[in-house]
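Structural features, examined
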Amino acid sequence: MRRAGLDCRDPRFVGVALVAAVVIAGAAWLGRELPPGSPARLGLAVVQAMATTLVIVLTVWGMRGLDELQRRIHLEALAGAFAGTAILVSGWGFLEIAGAPAVRWGLWIWPIMSVLWATGLIVARRRYR
Amino acid sequence: MRNRVRELRTQREWSQAELAERLDVSRQTVNAIETGKYDPSLPLAFSLARLFGRRIEELFEPEG
């Protein structure tokens, strides 16, 4: 049977995501004592970016095996995640201009979008049961 | 759109998973088609018709 598409419960995907999380957290921990802008600190940042890129590439690649309904479900979920993330970021941007604390969106955009994407998948899948 | 997919599948004593395997789609897609929650694309509709040895019009008909 065609696999049901991207399955975030697939042990291989979970394994890669966990390793990436450890690499990202580990690099952050190692770099905390290094001077900002130093070659070592920048090198660790590149390692973090590569780990993040790997997870994103695997996610997108995994979607190539989806059947037509799975693709529709993911499209609906991704559209919701995109819109939700845009609303959060732009909305907070206006608040920052008005004096609210600044947020490092570079760190938070992917986790926010992932949570919204997962939520969208749950909602969209229920629609087709 | 109404369809006879479940009727024809059960006549052959296939499970949804078996039908999904033959169509190279997920079981969720088969279930969504049978419950009328999802209308298949034309290629998938033709695959269904071919699999059951029927014409598309014998499998699917508009609501109302």
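An account of the accompanying structure is given in this report. (Residues numbered from 1 in each chain as written. Chains lettered and ligands numbered in written order. Predicted model: local features only at pLDDT ≥ 70, side-chain atom pairs only at ≥ 80, totals over all residues. Heavy atoms only, no water.)

Looking only at helices and strands, one finds four helices and zero strands in chain A. Start at the N end of chain A and walk to the C end: the helices and strands fall as α-α-α-α. For 129 residues, the compact-globule formula gives about 14 Å, and the C-alpha radius of gyration of chain A, at 18 Å, lies well above that figure. Its C-alpha atoms put chain A at 50 × 40 × 15 Å along the principal axes. Contacts in chain A between residues at least 24 apart in sequence constitute 67% of all its contacts with a sequence separation of at least 6. Total accessible area computed for chain A in this model is approximately 8,600 Å², and 74% of it derives from carbon and sulfur atoms. (Helix = DSSP H or I, 4+ residues; strand = E, 2+ residues; numbered from the N terminus. Rg over C-alpha atoms; globule rule 2.2 N^0.38 Å. Contact = heavy atoms within 4.5 Å. Areas by Shrake-Rupley, 256 points an atom, 1.4 Å probe, with all protein chains shown as cover.)

What follows concerns the interface of chain B and chain A. In this assembly, 17 residues from chain B lie in contact with 13 residues from chain A. On inspection of chain B and its partner chain A, the count reaches seven residue pairs in polar contact (both at pLDDT 80 or more). For the side of chain B that touches chain A, the secondary-structure elements that each account for two or more residues are α2 (16-23) and α3 (27-34) of chain B. With five residues, α3 of chain B is the single largest residue contributor to the side of chain B that touches chain A. (Polar contact = N/O pair within 3.5 Å; in protein donor to acceptor, adjacent residues only side chain to side chain.)

With 30 residues, helix α3 (residues 68-97) of chain A should reach 44 Å at 1.5 Å per residue; the first-to-last C-alpha distance of 43 Å fits that figure. What α3 of chain A keeps buried is the set L69, Q70, I73, H74, A77, A81 and T85 of chain A. Those residues of α3 of chain A that are buried lie in contact with α4 (105-127) of chain A together with α3 of chain B. Sitting at the amino-terminal end of α3 of chain A is D67 of chain A, which places a side-chain oxygen 3.1 Å from the backbone nitrogen of L69 of chain A. Phi turns positive one or two residues past the end of α3 of chain A, at G99 of chain A, with a value near 115°. (Expected span 1.5 Å × (residues − 1). Buried < 20%, exposed > 50% of the residue type's maximum accessible area, 1.4 Å probe, protein only.)

Applying the stated rule across the entire model yields two aromatic pairs over all chains. Aromatic pair Y128 of chain A and Y38 of chain B: ring centres 6.3 Å apart, planes at 85°, arrangement edge-to-face. Here the residue Y128 of chain A occupies a position in the segment after α4, and Y38 of chain B occupies one in the loop between α3 and α4 (42-52), the pair thus bridging two chains. The buried category is assigned to Y128 of chain A, whose relative accessible area is 6%. Residue classification places Y38 of chain B among the buried positions, given a relative accessible area of 5%. Seen from their ring centres, W14 of chain B and F52 of chain B are 5.9 Å apart, and the 25° between their planes marks the pair as stacked. In this pair, W14 of chain B is assigned in the loop between α1 (5-11) and α2 and F52 of chain B in helix α4, connecting sequence segments 38 residues apart. (Phe/Tyr/Trp six-rings, centres within 6.5 Å; stacked < 30°, edge-to-face > 60°.)

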